[in-house]
Amino acid sequence: MSMDLSIRNVSHSFALQGGPLPVLDDISLDIPAGSFISLLGPSGCGKSTLLRFIAGLELPGRGDIIAGGAPVRAPGPSRILAFQDATLFPWATVWNNVATGLAARHELKGRESLIDDALELVRLGGFAKAYPHQLSGGMAQRAALARALVNEPQILLLDEPFGKLDALTRMGLQEELLAIWKRTGFTGVLVTHDVEEALLLSGRVVVLSDRPARVLRIFDVQRPLPRRRDDPAIVSLRIEILTALGHAPAGEVAA
Ligand SMILES: Nc1ncnc2c1ncn2[C@@H]1O[C@H](COP(=O)(O)OP(=O)(O)OP(=O)(O)O)[C@@H](O)[C@H]1O
Ligand SMILES: [Mg+2]
């Protein structure tokens, strides 16, 4: 299940003591139901802010966000944001951590199997009774992903979900995320600093400017999934995107 997402002329400034801080500048994006896009941009440009607006946690100063044809005005279980520094509640088991959202909405009773399914999906079935301190970093990130997935979101917003992990763990989780996306079919918006991650997972890569973020360029990635890092088309797109971000890799030339 998934829904269209449309970001229409969204601009925003935060009010700070020294004056307004413009963070988003006329962002427009149309994201078809069931597609997966990535947002790349310099640190502090406004990516997490944009995800919070899509999630409905805050409202933008100007412009509209339309999800499944309806304007977003508040958070809802169809749009779930997995936070940049998602932490599990240390006092609760993995199972209870994943159940948090459903329990808060009084939707847990009779639907306990959803928790088990989400844990199976992220391959943590055997760790339902474990506590967060008994998990590795990668397992904790997977538990956080299960906590988002258990809501069966139509739109899943992922803010650097694998940011703190080592490269190998990250690769494994990227493959798992792809498999979960294929199975569940949510509309995905991934914020990442990892150009390769964006290219391996998404149909479109949106490059944002420095703050206030504008859409600088949009790259379509027309390669079948799963993709290979050493696919020449992916390699040359990676160089193009790094160049758009102002980081042309030394010794490499855009095709
Ligand atoms: N609630 C807030 N009040 C005031 N300023 C804020 C608030 N939230 C974010 N900002 C500012 O908005 C700017 C964009 O922040 P945001 O977290 O969206 O950046 P980001 O692109 O996600 O950065 P990073 O890649 O480092 O995570 C930053 O300058 C930040 O200080
Ligand atoms: Mg951020």
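To be clear, the structure that these remarks concern was listed above.
Here is a short report on the structure shown in this document. These figures come from a predicted structure and were not determined experimentally. (Residues numbered from 1 in each chain as written. Chains lettered and ligands numbered in written order. Predicted model: local features only at pLDDT ≥ 70, side-chain atom pairs only at ≥ 80, totals over all residues. Heavy atoms only, no water.)

Here we come to the site of ligand 1. In the neighbourhood of ligand 1, 17 residues make up the surrounding shell, with Ser-43, Gly-44, Lys-47, Ser-48 and Thr-49 lying closest. Separating an oxygen atom of ligand 1 from a side-chain N or O atom of Ser-43 is a distance of 2.6 Å. At 2.8 Å from an oxygen atom of ligand 1 is found a side-chain nitrogen or oxygen belonging to Ser-48. Burial of ligand 1 by the protein chains amounts to 69% of its free accessible area of 640 Å². Looking at the shell around ligand 1, the elements with two or more residues in it are strand 1 (5-16), strand 2 (19-31) and helix 1 (47-55). Take the shell around ligand 1: its biggest share by element is four residues, from helix 1. A class-by-class count of the residues in the shell around ligand 1 yields six nonpolar, seven polar and four charged. (Near = heavy atom within 4 Å. Polar contact = N/O pair within 3.5 Å; in protein donor to acceptor, adjacent residues only side chain to side chain. Areas by Shrake-Rupley, 256 points an atom, 1.4 Å probe, with all protein chains shown as cover. Helix = DSSP H or I, 4+ residues; strand = E, 2+ residues; numbered from the N terminus. Nonpolar A, V, L, I, M, F, W, Y, C, P; charged D, E, K, R; others polar.)

Mapped onto the elements of the fold, Pro-132 is located in the loop between helix 3 (112-121) and helix 4 (137-149). Note on Pro-132: relative accessible area 15%, which makes it buried. (Buried < 20%, exposed > 50% of the residue type's maximum accessible area, 1.4 Å probe, protein only.)

This brings us to the sheet that holds strand 10 (residues 215-220). If you walk across this open sheet you meet the six strands as 6-7-8-3-9-10, and the pairing is mixed. On the outer flanks of this sheet lie strand 6 (79-82) and strand 10, each paired with one strand and no other. Across the sheet, the axes of successive neighbouring strands diverge by a mean angle of 15°, strand direction being ignored. Here strand 7 (residues 155-159) pairs with strand 8 (residues 187-191) via five bridges, running parallel. Along strand 8, the bridge assignment pairs Asp-159 with Val-191. Relative to the sheet, helix 1 contacts strand 3 (36-40), strand 6, strand 7, strand 8 and strand 9 (204-208), its axis offset from that of strand 7 by approximately 155°. Most of the contacts of helix 7 (residues 232-244) go to strand 10, to which it runs at about 175°, and overall it touches strand 3, strand 9 and strand 10. (Pairing = 2+ DSSP bridges. Axes fitted to C-alpha atoms, helices over the stretch in contact; angles between N-to-C directions. Contact = heavy atoms within 4.5 Å.)

This paragraph deals with a negative patch on the surface. On the surface, a cluster of negative charge is contributed by Glu-112, Asp-116, Asp-117, Glu-120 and Glu-152. With respect to the helices, strands and loops of the structure, Glu-120 is situated in helix 3. Here Glu-120 falls in the exposed class, since its relative accessible area comes to 53%. (Patch = residues over 30% accessible without salt bridge, like charges linked within 9 Å, V, L, I, M, F, W, Y side chains within 5 Å. Salt bridge = Lys/Arg side-chain N within 4 Å of Asp/Glu carboxyl O. Lys, Arg positive; Asp, Glu negative; His and termini not counted. Charge placed at Lys NZ, Arg CZ, Asp CG, Glu CD.)

Their axes nearest at 10 Å, the elements helix 2 (residues 94-104) and helix 3 cross at an angle of 120°. Taken together, the axis directions place helix 2 and helix 3 in an arrangement best described as oblique. Of the two possible hands of crossing, helix 2 and helix 3 adopt the one that is right-handed. From helix 2, Val-94, Trp-95, Val-98, Ala-99 and Leu-102 reach across to helix 3, where they touch Glu-112, Leu-114, Ile-115, Asp-116, Ala-118 and Leu-119. Here the contact of helix 2 with helix 3 is built from residues that sort into nine nonpolar, no polar and two charged. (Parallel < 35°, antiparallel > 145°, perpendicular 65-115°, else oblique. Left-handed = near helix turned anticlockwise from the far one by under 90°.)

Following the criterion strictly, the structure yields 10 salt bridges and no others. For Arg-170, the salt bridge identified is with Asp-194, shortest N-O distance 3.2 Å. Taken together, the residues span a long stretch of sequence, with Arg-170 in helix 5 (residues 167-184) and Asp-194 in the loop between strand 8 and helix 6 (195-201) at a distance of 24 residues. The class of Asp-194 is partly exposed, set by a relative accessible area of 22%.

What follows covers the nonpolar core. By size, the foremost hydrophobic cluster in this structure holds 39 residues, and its most contacted members are Ile-115 and Leu-119. Mapped onto this core, the elements with two or more residues apiece are strand 6, helix 2, helix 3, helix 4, strand 7 and helix 5. Here the element with the most residues in this core is helix 4; it accounts for six residues. With sequence-adjacent residues up to four places away left out, Ile-115 is seen in contact with Trp-95, Val-98, Ala-99, Leu-102, Leu-108 and Val-150. Leu-29, Cys-45, Leu-81 and Val-206 belong to the second-largest nonpolar core, a separate cluster that totals 28 residues. (Core = buried A, V, L, I, M, F, W, Y, C linked by side-chain atoms within 4.5 Å.)

Cis geometry is adopted by the peptide bond preceding Pro-212, which originates at Arg-211 and carries an omega value of -5°. For Pro-212, the location among the structural elements is in the loop between strand 9 and strand 10. Cis peptide bonds are those with omega within 30 degrees of zero, and the linkage from Leu-225 to Pro-226 qualifies with -10°. Tracing the chain through its elements places Pro-226 in the loop between strand 10 and helix 7.

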